[in-house]
Structures are given as C-alpha cells and as structure tokens.
Amino acid sequence: MAALLGTSVRASHRGRGIQQALIALRLRAAQARGCAVVCIHSRPGIPTERNAARMGFALVYHKVALVRPGPGLVPSP
C-alpha cells in the first residue's frame, strides 16, 4: 500500500496539469515497487480531490473532526 501525501503546486503554476503529472509519476513509482493499493488524502472540494477523481480514485470515507468548545476554545468551521 502506498499513500500519496503532500502534493501541491504553487499558485502561479496551477492550471497546467502539474499536480496530475506528479500524481501519475508517484503512481508509477508505487506500482514499480509492487503496491496494489494507493490512497490520497484530501480535503473535500479542493483541486487535489478533483485531480484524484479524474485519475480514477474514488471516495472511500469522510473524516469528521469534532470539537467540544470550552473556555478558551472555539468550534472549528
């Protein structure tokens, strides 16, 4: 199993397919090492999620983070 984490592109270079090319390169490296399963972690609605879907990745689950507000704490957005 491989996890593709931390792929990002500078704002000035976005919209050129660079992230998809990086993901494809990393997929080939994982396959060459015998990985049969690859995952990508992403926040919903950002370009990483869209690029991963374009490359055949499917949503497996949503991660939920819960916060209990207390003194000095604020709820997350």
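Notes on the structure follow. Because the structure is a prediction, the values reported are computed rather than measured.

Basis of the calculations
Residues numbered from 1 in each chain as written. Predicted model: local features only at pLDDT ≥ 70, side-chain atom pairs only at ≥ 80, totals over all residues. Heavy atoms only, no water. Core = buried A, V, L, I, M, F, W, Y, C linked by side-chain atoms within 4.5 Å. Buried < 20%, exposed > 50% of the residue type's maximum accessible area, 1.4 Å probe, protein only. Contact = heavy atoms within 4.5 Å. 1 Å grid on protein atoms, 1.4 Å probe; cavity = no way out; pocket = protein on both sides within 12 Å on 5 of 7 lines; lining within 4 Å. Points joined across faces, edges and corners; volume = space filled by probe spheres on them. Helix = DSSP H or I, 4+ residues; strand = E, 2+ residues; numbered from the N terminus. Nonpolar A, V, L, I, M, F, W, Y, C, P; charged D, E, K, R; others polar. Expected span 1.5 Å × (residues − 1). Polar contact = N/O pair within 3.5 Å; in protein donor to acceptor, adjacent residues only side chain to side chain.

### Digging into the nonpolar core
Part 1 of the reasoning: Leu 4, Ile 23, Leu 27, Ala 52 and Phe 57 form the largest nonpolar core, which has 5 residues in total.
Part 2 of the reasoning: With residues up to four places along the chain from it excluded, the contact list for Ala 52 reads Ile 40 and Phe 57.

### Things to note about the layout of surface pockets
Part 1 of the reasoning: Volume-wise, the largest pocket comes out at about 650 Å³.
Part 2 of the reasoning: Lining the largest pocket are 18 residues, with Ile 40, His 41, Ser 42, Leu 59 and Tyr 61 positioned closest to its centre.
Part 3 of the reasoning: Of all the secondary structure elements, the ones that give two or more residues to the lining of the largest pocket are β2 (38–40) and α2 (47–54).
Part 4 of the reasoning: It is α2 that provides the largest number of residues to the lining of the largest pocket, a total of 4 residues.
Part 5 of the reasoning: Residue classes in the lining of the largest pocket are distributed as 11 nonpolar, 4 polar and 3 charged.

### Section: helix α1 (residues 18–32)
Part 1 of the reasoning: Between the first and last C-alpha of α1 there are 21 Å, a value that for 15 residues agrees with the 21 Å anticipated at 1.5 Å per step.
Part 2 of the reasoning: Those residues of α1 that are buried lie in contact with β1 (2–4), β2 and α2.

### Looking at the environment of Lys 63
Part 1 of the reasoning: By secondary structure assignment, the location of Lys 63 is in the segment after α2.
Part 2 of the reasoning: Among the residues examined, Lys 63 registers a relative accessible area of 75% and is labelled exposed.
Part 3 of the reasoning: Considered as a pair, Lys 63 and His 41 are 22 residues apart in the sequence and their alpha carbons are 9.8 Å apart.

### Describing the side chain of Thr 48
Part 1 of the reasoning: Residue position: Thr 48 is located in helix α2.
Part 2 of the reasoning: In this structure Thr 48 touches Thr 7, Gln 19, Ile 40 and Ser 42, once residues within four positions along its chain are discounted.

### Topic: the side chain of Gln 19
Part 1 of the reasoning: The residue Gln 19 is located in helix α1 in this model.
Part 2 of the reasoning: Here Thr 48 takes part through its side chain, which lies 2.9 Å from a polar atom of the side chain of Gln 19.
Part 3 of the reasoning: A polar atom in the side chain of Gln 19 sits 2.5 Å from the side chain of Asn 51.
Part 4 of the reasoning: In this structure, Gln 19 is in contact with Thr 7, Ser 8, Val 9, Pro 47, Thr 48 and Asn 51, ignoring residues within four places of it in sequence.

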